[in-house]
Amino acid sequence: MTAGLVTLGSLKVASREDLSQSITGPEATGCKATACGSSGGPADMDPATWARVKDHPCYSEEAHHYFARMHVAVAPACNIQCNYCNRKYDCSNESRPGVVSERLTPEQAARKVIAVANEIPQLSVLGIAGPGDAAYDWRKTKETFRLVSAQIPDIKLCLSSNGLALPDHIDDLVAMNIDHVTLTINMLDPEIGAKIYPWIFHDHQRLTGIEASRVLHERQMLSLDLLVARGILVKVNSVLIPGINDAHLLEVNREVKRRGAFLHNIMPLISDPDHGTHFGLTGQRGPTAAELKAVQDACEGGAKLMRHCRQCRADAVGLLGQDRGQEFTMDLVPEQVAYDPAARAAWRDWVAHEREDRRAAVAEAEAATRAEVAPQEQPLLVAVCTQGGGRINQHFGHASEFRIYEVDARGVRFVTHRRADNYCTGGAGDENRLAQVIRTLEGVPVILCARIGDCPRDDLAAAGIEAIDTHAHDYIEPAVAAVYRARKAAPAATRTA
Amino acid sequence: MALKIIKSQCTACGACEFECPNAAVKFKGESYIIDAALCTECVGHFPKPQCAAVCPVPGTCVPV
Ligand code: SF4
Ligand code: SF4
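Residues numbered from 1 in each chain as written. Chains lettered and ligands numbered in written order. Predicted model: local features only at pLDDT ≥ 70, side-chain atom pairs only at ≥ 80, totals over all residues. Heavy atoms only, no water.

1. A few points about the interface of chain B and chain A
What counts, and what does not: Only heavy atoms matter for contacts: two residues are in contact if any of them lie within 4.5 Å across the pair. Accessible area that two parts lose when put together, with a 1.4 Å probe and added across both, is what the buried area reports. Each salt bridge in this description consists of a side-chain nitrogen of Lys or Arg and a carboxyl oxygen of Asp or Glu lying within 4 Å of one another. In protein, a polar contact requires one atom able to donate a hydrogen and another able to accept it; more generally it is a pair of N or O atoms within 3.5 Å, and residues adjacent in sequence count only if both atoms are side-chain atoms. Put simply, DSSP H or I for four residues or longer makes a helix, DSSP E for two residues or longer makes a strand, and each gets a number counted from the N terminus. Residue polarity is assigned by list, with Asp, Glu, Lys and Arg as charged and Ala, Val, Leu, Ile, Met, Phe, Trp, Tyr, Cys and Pro as nonpolar; anything else, Gly included, falls into the polar class.
Counting from both sides, the interface comprises 15 residues of chain B and, opposite them, 14 residues of chain A. Roughly 1300 Å² of surface becomes buried between chain B and chain A when both sides are summed, with 53% attributable to carbon and sulfur atoms. Linking chain B with chain A are zero salt bridges. At the boundary of chain B with chain A, the tally comes to five residue pairs in polar contact (both at pLDDT 80 or more). Residue assignment for the side of chain B that touches chain A shows that the elements contributing at least two residues are α1 (15–19) and α2 (50–54) of chain B. A total of four residues in the side of chain B that touches chain A trace back to one element, the largest contributor, which is α2(B). Residue composition of the side of chain B that touches chain A, grouped by class: 11 nonpolar, three polar and one charged.

2. Here we look at the packing of helix α12 (residues 342–372) of chain A against helix α16 (residues 476–488) of chain A
Residues and elements named next belong to chain A. The following threshold applies: In this analysis, axes come from line fits to C-alpha atoms, helices being fitted only over the stretch in contact, and the angle between any two N-to-C directions falls in the range 0 to 180 degrees. Here is the rule for angles: anything less than 35 degrees is roughly parallel, anything more than 145 is roughly antiparallel, 65 through 115 is roughly perpendicular, and the remaining ranges are oblique. Two helices cross in a left-handed way if the nearer one is turned anticlockwise from the farther one by less than a right angle. They cross in a right-handed way if the turn is clockwise.
Axis separation between α12 and α16 bottoms out at 8 Å; the angle between their running directions is 15 degrees. As far as their axial angle goes, α16 and α12 are roughly parallel. As for how α12 packs across α16, the hand of that crossing is left-handed. Of α16, the residues touching α12 (which contributes Arg 358, Ala 361, Val 362, Ala 365, Ala 368, Thr 369 and Glu 372) are Glu 477, Pro 478, Ala 481, Tyr 484 and Arg 485.

3. Regarding the environment of A:Lys488
Checked against the element boundaries, A:Lys488 lands in helix α16. In sequence terms A:Lys488 and A:Val373 are 115 residues apart; their C-alpha atoms lie 6.2 Å from each other.

What follows is the structure in structure tokens.
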């Protein structure tokens, strides 16, 4: 069992200290138990929205350290064709292309969710995304939500849709208390849409060409407006397709923000001939990391972007980059499962204290940094190995992705995560792992981890990257701030000395 | 007068079952099949066979 996840077994005997121990690791020292009034969210989100998303691991970077979400694939039918999709695999909307999820009936899915909730108390969100469109295949989506929320009333329900059929079910969505919907919107201009969507099926007809994208666009805007008007939070996903909608996404960004989307997430097209998609077969490439960042940066002043989105596979289960989905395939889920709310209640109680403690530690560290480092000092990028809990608690050798923070005298900010497996970097499969990590960490001079061997430490140093494990099991932001102070505060210290 | 599903191409998405006005489409084994006795090619309901119009795989819902 990994330190980031606490099983039911440990929760049964757990005091808060046991829980602290199991998430922070054996070497952890006691927390500075200072309570703090700072319960606010990110500066760029209004408090009412933050209150609704703060426990949502897909929407709140901070929550992703404490809460898990799971998707179930119960709605495989779709009403549009996207050029980046091959129906043999999952939808690119909220999941990794080229991956096949276990398809479940609503009854099987409900059993699986309850089995997971009993085993992984961090579970807070159930999502229905691809393959298929959750709003088009609505009867199956609705039945799944009904069965689950009958047993776990406090679980948050969310779904992803292309928006074409969603307006037909808006009353149902409100009645079922669904408060998060992800709409995938790749265009406003039907001429651009025609290059992305060969056809749609709407009102009993297959429409093609510009006509198809015109109807799709109108229905997407109607969906967005209806959801916002009815108080359902809307995140918009856009797939960045170089040469087709890259510049256009800035207009999409402005429009979805104007209409009330609370987050806009730009995801890269992932294109590979092996996936058998139209784009894959015609050689349409995905964006480079720099192209993706350029569009994300240009959009930032508009809708708030979701930098931590990792395009989890649709049936992933767990915190951060972990996937325990394989432990819960249908053949491993018992025929009869009864929901036991105790574990989730204990977890929430512990997390509430832990988050306050972390916030207090962050505020303290940021105050110290402001006091010691001149405001005009250059910011520093720092990579972190973590398995969740907001702490540096992963061995360098076990990390396949790194969370990148930027720190300056104003504070510590999560920037993005970078993966060091072949998925996002496009590296060759047999590439030396360390070389790949070094390439992944380009422009990041410091990495914090729980432990690291001497050899990789030396190799990283040779590449100009300092690996630090003396902050093992500390909270991330205070450690990052301490590293920054150590590097930048020296002249000031000399002055005052 | 009926359509059939080319089993080897069917992704089992179920969209055809969802759209069929005659409940002629059923899931059997690994894929969906059309009950020829119930299929009317959508005549009287819609201008075009719905299963063929919604199916994501070209040439999968075809006349018998
Ligand atoms: S042609 Fe129409 S009636 Fe026949 S199976 Fe397809 S949808 Fe049903
Ligand atoms: S719509 Fe096509 S792919 Fe989907 S189940 Fe029917 S025949 Fe199979």
